[in-house]
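Topology and contacts: notes
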Amino acid sequence: MNWLNSEAFTLFGQRILWSDMVGNILGLTALALGWRRSLWTWPVQILSGAILFAAFYGHLTGSAGKQVVVVVVALWGWWQWNRGKDRSGDGQIPVRFATWRERAAMLGAAALGTVAVALLFKAYPTLSWDPWPDAYIFVGTIAAMYAQARGMVEFWFAWLLVDLVGVPLNFANGYAFSGFVYVIYGALVLWGLRDWWLRSRKASQPVLEGAPA
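First, a word on scope: everything that follows refers to the structure included in this document. (Residues numbered from 1 in each chain as written. Predicted model: local features only at pLDDT ≥ 70, side-chain atom pairs only at ≥ 80, totals over all residues. Heavy atoms only, no water.)

This part takes up the packing of helix α1 (residues 18-35) against helix α2 (residues 41-56). A pair of packed helices is characterised by two quantities: the angle between their axes and the separation of those axes. Axis separation between α1 and α2 bottoms out at 8 Å; the angle between their running directions is 165°. Relative to α2, the element α1 is oriented roughly antiparallel. For the pair α1 and α2, the sense of crossing is left-handed. Along the contact surface, α1 presents S19, V22, G23, L26, G27, T29, A30, L33 and G34, while α2 presents T41, V44, Q45, L47, S48, I51, L52 and A55. (Axes fitted to C-alpha atoms, helices over the stretch in contact; angles between N-to-C directions. Helix = DSSP H or I, 4+ residues; strand = E, 2+ residues; numbered from the N terminus. Parallel < 35°, antiparallel > 145°, perpendicular 65-115°, else oblique. Left-handed = near helix turned anticlockwise from the far one by under 90°. Contact = heavy atoms within 4.5 Å.)

Quick look at the structure:
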């Protein structure tokens, strides 16, 4: 798998690795499929995680280990969407806003998780070259995937918060293609947020007696 870490091309003076390019293209595809509430979003995320694991394994153990967690969460999300795909009446996952209790639980878990993972990265420096931002992005990604699996509109807000740190971190660490792709990520996140928001409002509106469903 050495070819994954080889140079694909040069962009604005920065080397673009095959792993960086392929992983981000698959990530964009998975995000677009998530916007459309397609079950294929999960296998694409799993494939992206597998490719990045192969790219990192052997020289970036921490990054490879993080991809294992992402793949496991994606498998759980796939199972969740398969269970709930018939609840909306159109064969796809229904979407909704989280309750205040769910939001508090997710924020609390994300905060504690970020601190715990950052301390782990600091204790074992080989796992990460930038512990706090790396922990924030990793835990934020897991939180976003969890919200996506539950069909929560907050999924999109979580991705926006991850992007705020992920974009400058990618450029700083030499992953230029990731930084450029995140511009497209931002547009997809905003469109997806609008779509899920409107769908959640329609789903919450009562159907009047005698009115067409």
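So, about the pattern of salt bridges. Pairs may arise between side chains of opposite charge once their charged atoms sit close together. As enumerated under the stated definition, the model contains four salt bridges in all. Notably, a salt bridge pairs K66 with D134, separated by 2.7 Å at the nearest N-O pair. Remark: D134 occurs in helix α5 (residues 131-149) and K66 occurs in helix α3 (residues 61-84); sequence separation between them is 68 residues. Grouping residues by exposure puts K66 and D134 together as buried. (Salt bridge = Lys/Arg side-chain N within 4 Å of Asp/Glu carboxyl O. Buried < 20%, exposed > 50% of the residue type's maximum accessible area, 1.4 Å probe, protein only.)

The calculated volume of the largest pocket comes to roughly 440 Å³. Surrounding the largest pocket, 17 residues form its lining, L107, A110, A143, A158 and L161 being those nearest its centre. Contributions of two or more residues to the lining of the largest pocket are made by α4 (100-123), α5 and α6 (154-172). Tallied by class, the residues present in the lining of the largest pocket amount to 13 nonpolar, two polar and two charged. (1 Å grid on protein atoms, 1.4 Å probe; cavity = no way out; pocket = protein on both sides within 12 Å on 5 of 7 lines; lining within 4 Å. Points joined across faces, edges and corners; volume = space filled by probe spheres on them. Nonpolar A, V, L, I, M, F, W, Y, C, P; charged D, E, K, R; others polar.)

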